[in-house]
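Architecture at a glance
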Amino acid sequence: MIPGKYRSVSGRAANNVNCGLHLVIQTSSLPEKNKVEFKLNKDTSSFPGRLSQHDLERNYSSRQGDHINLVSSSLSSFPILQRSSEEKILYSDRLSLERQKLTVCPIINGEDHLRLLNFQHNFITRIQNISNLQKLISLDLYDNQIEEISGLSTLRCLRVLLLGKNRIKKISNLENLKSLDVLDLHGNQITKIENINHLCELRVLNLARNFLSHVDNLNGLDSLTELNLRHNQITFVRDVDNLPCLQHLFLSFNNISSFDSVSCLADSSSLSDITFDGNPIAQESWYKHTVLQNMMQLRQLDMKRITEEERRMASVLAKKEEEKKRESQKQSLLKEKKRLTINNVARQWDLQQQRVANIATDEDRKDSDSAQDPCQIDGSTLSAFPEETGPLDSGLNNALQGLSVVDTYLVEVDGDTLSLYGSGALESLDRNWSVQTAGMITTVSFTFIEFDEIVHVLPKLKIKFPNSLHLKFKETNLVMLQQFNALAQLRRIDQLTIDPQGNPVVNFTLWKYYVLFRLSHFSMQKINGTEVTQNDMIMAERLFGILAHVASSELPQYRLISILGDARKKQFRYLLESKGKKPGIINEENNDSKRPVGENTNRATLNYTTRDFYNEKLEEIKEKKKFCKTYVEDLVKEATEINMKNEALQKLWPQMFIELVRDAVIEIRNKNSYMKLCLQQITDQK
């Protein structure tokens, strides 16, 4: 038998029936000449006792030899079928009206004993006039123009219903056909499987060449052994595992692209034959092994018998896949634990920053807010750090249920990179690192750690990881250029990466030039992934060269000695002799082994004294702001008073001027008296 093809019971019966069919189209009691007779002579054979496999997609191309005499009728009505007594006796249980160009079903009277009825290859648009054939067990309406399933409610004995190649859009009106054994609906316009759950005796269902996009709603089909879904638009399959008798499933030429979309097939214990050819999944290299390792009960795949060697290979690959899955699950678990830990560290960092910001901006509210500790973790705080979770399988979810997320730091070595998350991770530098691991580390990344805390461990970093050349800072509170001075104590830095996130210093336009100037003795190659050029070095010297000169010139002698240390005393004396007027007088070698004193002495005066000094500066700036505010307010007040006095003077001045002129005129009217008065005033003053 060719899979996917079935022998049509009605078609077979039609081809094997030898009956002299006498069809009379009779509209009323007319003379004999107004009757139209159809005479069909066919071969005969006995009707099989058992309805077995049926070819529901059979090509009905064979044409029966017909001898038809037509007498036209002037009236229009349903045709009425009449057969002679001999024909009824000879072919009592079957009737074929194949290829008769019928547009309606004829009225069939006196044929209540019919069991097989064939209307193939006509133009019938509606099922009607057969409700009286209650013994009918096979109805073939293949290749017509039927748009709706109807007129079958009385055919309770019907076992085979062939409605392929019609225009049906919905499965309906099958409620009373509970004895149905074969249902063929291929080549229609059906988009959904529905209204068939009551067909508990259905063995063969053909829905090939429809418009189905998914397979479900198959519960209740407990006797179904064969399901043909070829040439649809199916992307996923469900409920097939609920079919206890299903043996043959044909899914060829659909849109199935992954085994997950048909994973329910693995739970079917009865399925022995399946096809996926013509689907995207069949093009994958893992296709055959995946199907076999998940469906060990299969005997045929894509119409090919499965060999024992193929089963063995599938079993071996299944074990390898299981090992790979366990390893993948382990890696996923570690990755998830890392994500949760980093997320927890981020929470702690955010709470710490909120606490520092509250203290710095609103000291007066500290007592009033003591009842509501800003360190307390509440729902609103947690929402600031959304957890990006991907889909996890059930095994991984079970493992994660017992995963602790109270860790406040994380230390990770990935290849040549050492990543430190959280201030607690700095303690790892005190570990006894193996020589091989320590020598392999070339990149050190700091995340969610205060830069001032990092400054304290830089000497350890230089000793523990002598080959570290690349430093990365993210969420470390780099807020001012001074902090870069602390990096000068390292042995060597080739690359420096400052992430803008949590490091406001990168908002300064000239920060890169300052780094190049202050750490020029390292001859850095890259900053934030950008190559350092000679022009960058020249620009850095031009911008900040005078800064080092001023710093070394204005700094007291005792302070310079404390900064430079014993190794720089000779250089410092030389600077004093030359009055320190020429910055950068010491030649620096690029090679560390040939640099006896390291960085330039002038640059060494540019140092960093961590957060305490910065807080003192903040207090000083705060006091200066307060003083400036008071001073400006006093100036504004004084200016306002002066302005008011000026406005009053402007109003009074005209009258005052008149009075002054008047008094002067009166006084000098008598010249002699005025002179005597003036002399008298002078005498009194003496």
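Residues numbered from 1 in each chain as written. Predicted model: local features only at pLDDT ≥ 70, side-chain atom pairs only at ≥ 80, totals over all residues. Heavy atoms only, no water.

The next thing to look at is the overall build of the protein. A count of helices and strands for the protein gives 15 helices and 25 strands. For the protein, the proportion of its 686 residues judged to be buried stands at 38%. Long-range pairs, those at least 24 residues apart, make up 54% of the contacts in the protein between residues at least 6 apart in sequence. Just so you have it, the protein exposes about 38500 Å², and 50% of that area is on carbon and sulfur atoms. (Helix = DSSP H or I, 4+ residues; strand = E, 2+ residues; numbered from the N terminus. Buried < 20%, exposed > 50% of the residue type's maximum accessible area, 1.4 Å probe, protein only. Contact = heavy atoms within 4.5 Å. Areas by Shrake-Rupley, 256 points an atom, 1.4 Å probe, with all protein chains shown as cover.)

Below, the discussion takes up the pattern of salt bridges. The tally for this structure, following the rule as stated, stands at 12 salt bridges. Taking the shortest distance from any N to any O, the salt bridge between Asp181 and Arg159 comes out at 3.6 Å. With Asp181 in the loop between strand S9 (160–162) and strand S10 (182–184) and Arg159 in the loop between strand S8 (138–140) and S9, the pair connects residues that are 22 residues apart, well separated along the chain. Here the salt bridges share partners, and the residues they tie into one network are Arg159, Asp181 and Arg203. (Salt bridge = Lys/Arg side-chain N within 4 Å of Asp/Glu carboxyl O.)

The next point concerns the environment of Glu175. Turning to its location among the elements, Glu175 is positioned in the loop between S9 and S10. Under the relative-accessibility criterion, Glu175 is labelled partly exposed at 43%. For the pair Glu175 and His198, spaced 23 residues apart in sequence, the C-alpha to C-alpha distance is 7.2 Å.

Moving on to the confidence of the model for the protein. Mean pLDDT over the protein stands at 76; residues scoring 70 or higher make up 73%. Every residue in residues 1–76 scores below 50 in pLDDT, and together they form 203 contacts with partners more than four places removed in sequence or on other chains. Scored below 50 in pLDDT, residues 370–392 shows 28 contacts in the model against residues more than four places distant or in partner chains. (pLDDT = per-residue confidence, 0-100.)

Summed over all chains, the structure comprises 10 aromatic pairs. For the ring pair Phe446 and Phe473, a centre distance of 5.4 Å and an interplane angle of 15 degrees mean the geometry is stacked. Linking Phe446 in strand S21 (residues 443–447) with Phe473 in strand S22 (residues 470–474), this pair joins segments that are 27 residues apart in sequence. Judged by its relative accessible area of 1%, Phe473 is buried. For the pair Phe627 and Tyr631, a centre-to-centre distance of 6.2 Å together with 15 degrees between the ring planes defines the contact as stacked. Of the two residues, Phe627 and Tyr631 are both situated in helix H14 (residues 610–667); the distance of four residues between them amounts to about one turn of the helix. Ring pairs connect the aromatic residues Phe446, Phe451 and Phe473, which therefore count as one cluster. (Phe/Tyr/Trp six-rings, centres within 6.5 Å; stacked < 30°, edge-to-face > 60°.)

The next thing to look at is the sheet that holds strand S23 (residues 495–498). The mixed open sheet is built from seven strands, whose spatial order is S19-S20-S21-S22-S23-S24-S25. Both edges of this open sheet fall to strand S19 (410–414) and strand S25 (530–531), since each of them pairs with a single strand only. Of the pairings in the sheet, the one linking S22 to S23 comprises four bridges and is parallel in character. From the neighbouring strand, Lys472 faces S23, where its bridge partner is Thr497. (Pairing = 2+ DSSP bridges.)

Our focus in this paragraph is unusual backbone geometry. A positive phi angle is found at Asn173, which is not glycine, with a value near 60 degrees. Among the secondary structure elements, Asn173 is positioned in the loop between S9 and S10. At Ser523, a position not held by glycine, the phi torsion is positive, near 50 degrees. In this fold, Ser523 is placed in the loop between helix H9 (511–518) and strand S24 (526–527). Residue Ser523 is classed as partly exposed on the basis of its relative accessible area, which comes to 26%.

Moving on: the environment of Ile306. Along the chain, Ile306 falls in the loop between strand S18 (304–305) and helix H4 (308–361). Along the chain, Ile306 and Leu292 lie 14 residues apart, while their C-alpha atoms are 8.9 Å from each other. Those residues within four positions of Ile306 in sequence are excluded, and the remaining contacts are Leu292, Leu298, Arg299, Gln300, Leu301 and Arg311.

Further remarks concern the nonpolar core. Core analysis: the biggest nonpolar cluster contains 68 residues, and Phe119, Leu139, Leu161, Leu249, Leu265 and Phe276 have the highest contact counts within it. For this core, the element with the highest residue contribution is helix H3 (residues 287–294), accounting for three residues. Among the nonpolar cores identified, the runner-up in size contains 47 residues, and Leu418, Leu478, Val515 and Ile527 belong to it. (Core = buried A, V, L, I, M, F, W, Y, C linked by side-chain atoms within 4.5 Å.)

This part takes up the pairing of S21. In terms of residue burial, S21 counts as a mostly covered element, since five of its five residues are buried. The two faces of S21 match: Thr443, Ser445 and Thr447 on one face and Val444 and Phe446 on the other face are all buried. By the bridge criterion, five bridges tie strand S20 (residues 417–421) to S21 in an arrangement that is parallel. Bridge assignment links Tyr421 to a residue of S21, and that residue is Thr447. Traced from S20 through helix H7 (residues 435–440) to S21, the parallel crossover comes out right-handed. Sheet analysis places S21 next to S22, joined by five bridges and oriented parallel. What sits directly across from Val444, in S22, is Leu471. (Right-handed = clockwise from strand over helix to strand, strands pointing away.)

With that settled, the discussion passes to a negative patch on the surface. Taken together, the side chains of Glu633, Asp634, Glu638 and Glu641 make up a negatively charged region of the molecular surface. Tracing the sequence through the fold places Glu633 in helix H14. Judged by relative accessible area, which is 47%, Glu633 ranks as partly exposed. (Patch = residues over 30% accessible without salt bridge, like charges linked within 9 Å, V, L, I, M, F, W, Y side chains within 5 Å. Lys, Arg positive; Asp, Glu negative; His and termini not counted. Charge placed at Lys NZ, Arg CZ, Asp CG, Glu CD.)

So, about the pairing of S19. Pairing of S19 with S20 involves five bridges; the strand directions are antiparallel. Paired with Val411 across the bridge in S20 is Leu420.

Here we take up a nonpolar patch on the surface. A surface patch of nonpolar side chains, amounting to about 730 Å² of accessible area, comprises Leu649, Leu652, Trp653, Met656, Phe657, Leu660, Val661 and Val665. Residue placement: Val661 occurs in helix H14.

Further remarks concern the side chain of His186. Along the chain, the position of His186 falls in the loop between S10 and strand S11 (204–206). On the accessibility criterion, His186 (6% relative accessible area) is buried. At 2.7 Å, the side chain of His186 forms a polar contact with the side chain of Asp184. (Polar contact = N/O pair within 3.5 Å; in protein donor to acceptor, adjacent residues only side chain to side chain.)

Take the sheet that holds S11 next. Judged by pairing direction, the sheet is mixed, and its 11 strands sit side by side in the order S5-S7-S8-S9-S10-S11-S13-S15-S16-S17-S18 without closing on themselves. The sheet terminates laterally at strand S5 (94–96) and S18, the two strands that pair on one side only.

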